[in-house]
Amino acid sequence: MDTSRQRTSTERLAGLFDAHHERLFRLACRLSSDREEARDLVQEAFLRAARRPAAVPEGEQPGEAWLVRTLVNLCRDRYRRLGVRSRVHESLRKPEETDHPEDAAVARATVKAALATLAPRRRAAIVLHELEGVPVREVARLLGIAEVTVRWHLLAARRELAHVLGKEDRR
Amino acid sequence: MNDEKFRQRLRGGDPFADETGLTPEEVREMRRTVLTAIPERRRRLLPALALAGAAAVAVLIALFVFRPDTGAPPRPQRVATVTAPPSPPSREPEPAAQTPVLKKTEKKTLHHRRHRRSMSPDTLAALEPPQPAEQKETPIREIQFSTPGGTRIIWTLTPGKASH
């Protein structure tokens, strides 16, 4: 009985991994500073599911939402641990040193640095909605928060990003 | 910066735009790592479970060995009746109808102990006064008691004589 339960957990976890690893990696890349960090975050999210299979709700969509929430929580832990805010303000100076602010790479670095100033949940909300095109209701489901909270996060994130990016443009 | 311009700016600088995603090797490695995490965890728990089981068994053994002796019924007293070898015939014949005579204090002790301790039927039979017809054939009897403390009490019952 124990063996069959273990096999069921393994099959279920394999199904979750096959269905969602690409999407989670894409989100992790937008939520983290580099590719390696994104890869670690995705793996850690699935490892949490493996360690506590009972915590992952049954069903495709609830399972996906659980993984997204776990990924965002991992980003929050890392954000707090590394003190990202203070580091990002330093990294924001790097793009402005170039003489070609319209360069795509510089633009990406600027947006990336601006996104890094946001708190993880706010960043997840803006990334899911603006970059991945996920509707507000779906963002709320994935993050496990109310729709009104998602809208509030989106509004605040736009304001903060516009402020940072506008400051960059003026320079 | 209006909403549309903001959105264009954000999408133009999408951090994932220059990413190619995970390579098949990375996916395979990550998948293997994740799927082997469940048995690894169980294997890690095994020593802890074994240790807990051993500790529980040790505690049970200790409780059994050092259990205080409360409320346990007293052990039954061991009573043995040994028939002594027949004594040599006395030169002076004793009167046939003579009843066994016990000292008053010994009678008291016997009576007291009869009430205090449970005695086997053999012992009780030995304490009964012998029948006059069997007087000549009754051999000397010894009654041995052993107390739980290890003390042994031996009574020698000689018909017509005081016991030692």
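Structure's up top.
Definitions and limits used
- Residues numbered from 1 in each chain as written.
- Chains lettered and ligands numbered in written order.
- Predicted model: local features only at pLDDT ≥ 70, side-chain atom pairs only at ≥ 80, totals over all residues.
- Helix = DSSP H or I, 4+ residues; strand = E, 2+ residues; numbered from the N terminus.
- Buried ≥ 20, exposed ≤ 12 C-beta atoms within 10 Å, placed from the backbone.
- Contact = placed C-beta atoms within 7 Å.
- Axes fitted to C-alpha atoms, helices over the stretch in contact; angles between N-to-C directions.
- Parallel < 35°, antiparallel > 145°, perpendicular 65-115°, else oblique.
- Left-handed = near helix turned anticlockwise from the far one by under 90°.
- Nonpolar A, V, L, I, M, F, W, Y, C, P; charged D, E, K, R; others polar.

**Some thoughts on the overall build of chain B**
Moving on, step 1. On a plain count of helices and strands, chain B comes out with five helices and three strands.
Moving on, step 2. For chain B, the α and β elements follow one another from N to C terminus as α-α-α-β-α-α-β-β.
Moving on, step 3. Each of the 164 residues in chain B was classed as buried or not, and the buried ones make up 7%.

**Side note on the interface of chain B and chain A**
Moving on, step 1. Taken together, the 26 residues of chain B in the interface contact 31 residues of chain A.
Moving on, step 2. Here the side of chain B that touches chain A gets seven residues from one element, more than from any other, and that element is helix 2 (residues 24-35) of chain B.

**Notes on the packing of helix 3 (residues 60-82) of chain A against helix 7 (residues 120-131) of chain A**
All names here are of chain A.
Moving on, step 1. The interhelical angle for the contact between helix 3 and helix 7, taken along N-to-C directions, is 135°, at an axis separation of 9 Å. Considering their axes alone, helix 3 and helix 7 lie oblique with respect to each other. Note on packing geometry: the crossing formed by helix 3 with helix 7 is right-handed. Every residue of helix 7 that contacts helix 3 at Val72, Cys75, Arg76 and Tyr79 is listed here: Pro120, Arg121 and Ala124.
Moving on, step 2. For the contact of helix 3 with helix 7, the class distribution of residues is five nonpolar, no polar and two charged.

By themselves, these observations are geometric and do not establish any function.
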